[in-house]
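What the coordinates show
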Amino acid sequence: RAWDVRDVSDQVKSMGGKWITVDFEESGEGQGGYAKESSAEFQAAQKATFHKHAKECDIIITTAAIPGRKSPVLLEEYMVKDMRPGSVIVDLAAAGGGNCTLTKAGETYVTDNGVTIVGALDLPGRMAAQASSMYAHNMLNLMTHVGGKEGAPAFLGNFHSALDAGEAGDIIVRSIVCSKGGQALEMPPPPQPTPVKKKEAPKAAVGPAPYDPAKDHMSKSVAVTAGSAAAVAVGAVSGDPAMMALLQTFGLSGAAGYQVVYGVSHALHTPLMSVTNAISGLTAVGGLLLLGQGGGAFAQLLAMLSVGVSSVNIVGGFLVSKRMLDLFRKPGEADYGTYYLPPLGLMALAPWVAPAALPCANAAASLMCIGAIGGLASQRTAQFGCFLGGVGVTGAMSAALATVPGTSVPVAVALIGAGGAGGYSIGKAVQPMALPQTVAAFHSLVGGAAALTSIASFLIHPDAGAGHRLAAILGTSIGGITLTGSLIAFAKLDGRMSSAPMNLAGKNYLNAGMGLAQAAMIVQFMNCDYGAGCGLLTATSLLSSAMGVHLIGSVGGGDMPVCITVLNSYSGWALVAEGFLLDSPALTVVGSLIGFSGAILTKIMCDAMNRDIANVIFGGLNTAAPAQKGEKIVLEHQETNIEATAALLAEAKNVMIVPGYGMAVSRAQNAVSDIATTLRANDINVRFGIHPVAGRMPGQMNVLLAEAGTPYEWVEEMEEMNPDMPDQDVCLVVGANDITNELAQTDPDCSIAGMPVIEVWKAGTCVFMKRSMAGGYADLENPVFFKDNTRMLLGDAKATCDGIATKLKEHFANQ
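As a convention, each chain's residues are numbered from 1 in the sequence order in which they are written. Restriction of local features to residues with pLDDT of at least 70 applies here, the model being predicted, together with a cutoff of 80 or more for giving and counting side-chain atom pairs; totals for whole chains, interfaces and linings are based on all residues. No hydrogens and no water enter the side-chain calculation; it runs on all heavy atoms of the structure.

1. Some points on the overall build of the protein
So the rule is basically this: Comment: elements are numbered from the N terminus, with helices defined as DSSP H or I runs of at least four residues and strands as E runs of at least two. Only heavy atoms enter the contact rule, under which two residues are in contact if any of them lie within 4.5 Å. Working definition of accessibility: Shrake-Rupley area with a 1.4 Å probe, residue cover restricted to the visible protein chains.
In terms of regular secondary structure, the protein is built from 30 helices and 12 strands. Put simply, of all contacts in the protein between residues at least 6 apart along the chain, 75% involve residues at least 24 apart. As displayed, the protein has an accessible area near 38,200 Å², and 61% of this comes from carbon and sulfur atoms.

2. Things to note about the nonpolar core
Applied cut-off: Residues enter a nonpolar core if they are buried and are Ala, Val, Leu, Ile, Met, Phe, Trp, Tyr or Cys, with the set joined through side-chain atoms within 4.5 Å. Partly exposed describes any residue whose relative accessible area lies between the buried limit of under 20% and the exposed limit of over 50%, with all areas from a 1.4 Å probe on protein chains only and scaled to the type maximum.
Core analysis: the largest hydrophobic core is formed by 157 residues, its most contacted members being Ile 279, Leu 282 and Val 760. Tallying contributions element by element places helix H21 (residues 560–581) first for this core, with 11 residues. Residue contacts for Leu 282: discarding those within four places in its chain leaves Ile 314, Val 393, Ala 396, Met 397, Leu 575, Leu 587 and Val 590. Grouped together as the second largest cluster of nonpolar side chains are 15 residues, Cys 57, Leu 74, Met 79 and Cys 100 included.

3. Observations regarding the packing of aromatic side chains
Aromatic ring pairs: the centre-centre distance and the angle between the two ring planes describe each pair. The test is simple: Two rings from Phe, Tyr or Trp (for Trp, the six-membered ring) form a pair when their centres sit within 6.5 Å of each other. Planes less than 30 degrees apart are called stacked, planes more than 60 degrees apart edge-to-face, and all others tilted. Geometrically, a lysine NZ or arginine CZ counts as sitting over a ring once it is within 6 Å of the ring centre and also within 35 degrees of the ring normal.
Per the stated rule, a full pass over the model turns up 10 aromatic pairs. Here Trp 3 and Phe 50 contribute two aromatic rings whose centre-to-centre distance is 5.2 Å and whose plane-to-plane angle is 75°, an arrangement assigned as edge-to-face. Of the two residues, Trp 3 sits in the segment before helix H1 (9–14) while Phe 50 sits in helix H2 (residues 40–54), which places them 47 residues apart along the sequence. Note on Trp 3: relative accessible area 24%, which makes it partly exposed. Classification of Phe 50 as buried rests on a relative accessible area of 11%. Each ring, one from Tyr 340 and one from Phe 384, has its centre 6.1 Å from the other, and the planes form 45°; the classification is tilted. Of the two residues, Tyr 340 sits in the loop between helix H12 (297–327) and helix H13 (341–353) while Phe 384 sits in helix H15 (residues 379–401), which places them 44 residues apart along the sequence. The exposure class of Tyr 340 is partly exposed, given its relative accessible area of 23%. Members of the aromatic cluster, connected to one another through ring pairs, are Tyr 340, Phe 384 and Phe 387. Taking NZ or CZ as reference, Arg 469 lies 5.4 Å from the ring centre of Phe 525, over its face.

4. Things to note about the side chain of Asn 722
The following threshold applies: Think of a polar contact as two N or O atoms within 3.5 Å of one another; within protein, one of them needs to be a possible hydrogen donor and the other a possible acceptor, and neighboring residues in sequence only count if both atoms come from side chains.
With respect to the element layout, Asn 722 can be found in the loop between helix H28 (718–721) and strand E10 (730–734). Judged by its relative accessible area of 14%, Asn 722 is buried. Within polar-contact distance, the side chain of Asn 722 engages the backbone nitrogen of Glu 759 at 2.9 Å. Apart from residues no more than four positions distant in its own chain, Asn 722 is found in contact with Val 757, Ile 758 and Glu 759.

5. Quick notes on the packing of helix H17 (residues 435–460) against H21
Between two packed helices, what matters for the description is the angle formed by their axes and the separation of those axes. To keep things clear, this is the line we draw: All axes are obtained by fitting lines to C-alpha atoms, using only the stretch in contact for helices, and the reported angles, taken between N-to-C directions, cover 0 to 180 degrees. Here is the rule for angles: anything less than 35 degrees is roughly parallel, anything more than 145 is roughly antiparallel, 65 through 115 is roughly perpendicular, and the remaining ranges are oblique. If you view the pair so one helix is near and one far, a crossing is left-handed when the near helix is turned anticlockwise from the far one by less than a right angle, and right-handed when it is turned clockwise. Basically, the charged four are Asp, Glu, Lys and Arg, the nonpolar ten are Ala, Val, Leu, Ile, Met, Phe, Trp, Tyr, Cys and Pro, and anything else, Gly included, counts as polar.
Where H17 meets H21, the closest approach of the two axes is 9 Å, and the angle between their N-to-C directions is 25°. Judged by the angle between their axes, H17 and H21 are roughly parallel. In this structure, H17 crosses over H21, and the sense of that crossing is left-handed. Residues Pro 436, Val 439, His 443, Val 446, Ala 449, Ala 450, Thr 453, Ser 454 and Ser 457 of H17 form the contact with H21, whose participating residues are Ile 564, Leu 567, Asn 568, Ser 571, Ala 574, Glu 578 and Leu 581. Grouping the amino acids of the contact of H17 with H21 by side-chain chemistry returns nine nonpolar, six polar and one charged.

6. Some remarks on the pattern of salt bridges
Our working definition: What makes a salt bridge here is a side-chain nitrogen of Lys or Arg within 4 Å of a carboxyl oxygen of Asp or Glu, nothing more.
Enumeration according to the criterion identifies 17 salt bridges in this entry. In this structure, Lys 809 and Asp 674 form a salt bridge, with 2.9 Å as the shortest nitrogen-oxygen distance. Pair noted here: Lys 809 is in helix H30 (residues 797–813) and Asp 674 is in helix H26 (residues 669–681), with a separation of 135 residues, a long-range link. With relative accessibility at 42%, the residue Lys 809 sits in the partly exposed group. One salt bridge in this structure joins Glu 759 and Lys 762, with 3.1 Å as the shortest N-O distance.

7. Brief notes about the sheet that holds strand E1 (residues 59–62)
Strand pairing in a sheet is mediated by backbone hydrogen bonds. Such pairs are either parallel or antiparallel. Spelled out, the test is: Two strands pair if DSSP finds at least two bridges between them.
If you walk across this open sheet you meet the four strands as E1-E2-E4-E3, and the pairing is mixed. The open sheet has two free edges, formed respectively by E1 and strand E3 (108–110), since each of these has just one partner strand. Within the sheet, the average angular offset between the axes of one strand and its neighbour, ignoring direction, is 10°. As paired strands, E1 and strand E2 (residues 88–91) are joined by four bridges and run parallel to one another. Bridging across to E2, Thr 62 finds its partner in Asp 91.

8. Considerations on the environment of Thr 21
With respect to the element layout, Thr 21 can be found in the loop between H1 and H2. For the pair Thr 21 and Ala 2, spaced 19 residues apart in sequence, the C-alpha to C-alpha distance is 9.1 Å.

9. Comments concerning the side chain of Thr 602
With respect to the helices and strands, the residue Thr 602 is situated in helix H22 (residues 585–609). Classification of Thr 602 as buried rests on a relative accessible area of 4%. At a separation of 2.7 Å, a polar atom in the side chain of Thr 602 contacts the main-chain carbonyl oxygen of Gly 598. Beyond its immediate sequence surroundings of up to four residues, Thr 602 is in contact with Val 562, Thr 565 and Val 566.

This is how it looks when you write it as structure tokens:
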């Protein structure tokens, strides 16, 4: 704790201290920063404050002095009597009478209540090493100041030049030379002390615009009118009651999904996408409904391929989801998966034992899939959500299989078994670090299956109505984009392709041209014959595949987390197209749920990254503003080492750890968790702060920490921890950059302006662990690196964290 007549609270906090505030408005600053005599009222408030803190502190050091006057009394006898036995007062103002009424100049003694008061007048002589170090440091500063950049060779020349220049010469040189050439030199008057810079009043936050009820109701009226008109227009054009019923189902399930997904915490966004990805494997249902329905060998081959690749997605997706959620399970917690075997068996057998219950079974499966997303709203119910989704998908698959002609059932079962075995193999082998690219790869299977089913359905039902045709070509288009876009995302995330954006010349015109061409083909497809329809579907599949490559390829690696959520949404819309195509309410409900969940996650991610949704969906349509390149100013940073960082952590009371993608790359999560566990075992409060977009997938940091055995109660989201950052003694940043960059709040012209960031600079001491001083993905220099309370610990994060963990254990073992 510290107090001074000047408000230097920022300096105190930068050293990890806490500022003492006297509840009285009066400046106690005099000439040159020394104290001045205060009013009686201020002194009373001041002493009441000091009395309170004297009861709590073991060591008090006082330095208050007024030139030519007696030192002000800050500590009265009654304050000393209330101090704890063994406490110490070091009165550096003893020569002026002392800041404590009990100080004896030149003496050190112990009071009756066991408080030692040091009134020594020769403290500099008692601290020879420190005094010598300070003197040497001052001499070095003097030599450096006079010598300048040229150093020693220019020292004497600069020295004489300053003296010869008279009043224009360097004041430091002129102040230390008494004579030159036998002539006495008059010492220049000392400069006035630099006035303390007054703290700027915090800028008033821009509050929300005043509520305008007329404007609000007008916008809502327009939205309701437009939505109603669109629904009526679709009904009038299609003239298909079945399609309108599906449209109603789509709208209601989308509204339900919207509410459910918004309740899922950031920590579970990765399992959420994994579960929805597994559920989207219900594209297999589309293939099953087409098996044995004719259309020729090629149509049946497409249907079989759809069933096979979708089964890979279902089994692999649920297995990966289960493995992720198991990472969050505490040691000793049982796995209750077997408890869900009865409902699983019931849903699997019901369509075969009671065929009349088939519609109800599909309805129950749809509700279970919605409930699965709701279950992921919290850690306590997340396992239930995963199991419920598995039961629902099993019911939907069994219901579809029950409608397959008997001769095709063995083929269908074989395809499901083979695909499931492949998915199981992939799901068991994937590592937590590879989850983002694995999910992207699974998305490609959904897209491919949707496109295959859409084409096969047209081949089997070429004379179906307008609704069927529209769903067929949209399913092909969305499926193609999802297929190739997901493969590009996989390649970028897996390091098989450069993460840099493609940036082809005229890419915006290219996107617009492909979009217009696709729209034209949709119009032609609605009224063409069988041959032309096959050609248009083939052209659509090729064009949409090219669009997927270009759209995702044009997005930089840093925006891949958002791309994954977009692709997740696309897979849902592909499933919706299948639902309309095959008149399946179950597929429509589940597809709508997944599509809306992906769209909501995309919005959440874009808000967290301050990205424009159109910029991501349309492949970098609006390129982010580059960092401004002005005159390069070389700033100095302070480096530290493993030993000093370990000592800093060991002496702290509150520690915040902020992991970033660098932790994932170096696989340092186990070492970081080891540091936290060691500190917590020694009564140091440690918490983890997670940014929503840290890593390459929403919630990836949470999964990696869970893999390392970090209890999820230790992990907090950005909104929870930012208000507590000033109370943290140490903030350890492990491989994070842009998500901690202060420019997002201070520079409205930078490329990350407005992006919510973790305010690590507000901690007492902030230690950045990075490989180098380079900027992050946004290629912006982080001003936090150069703050007085920041230390840079450069090197490989895993090796560094292992070293810190070892030093901490040695420190506490030797206590």
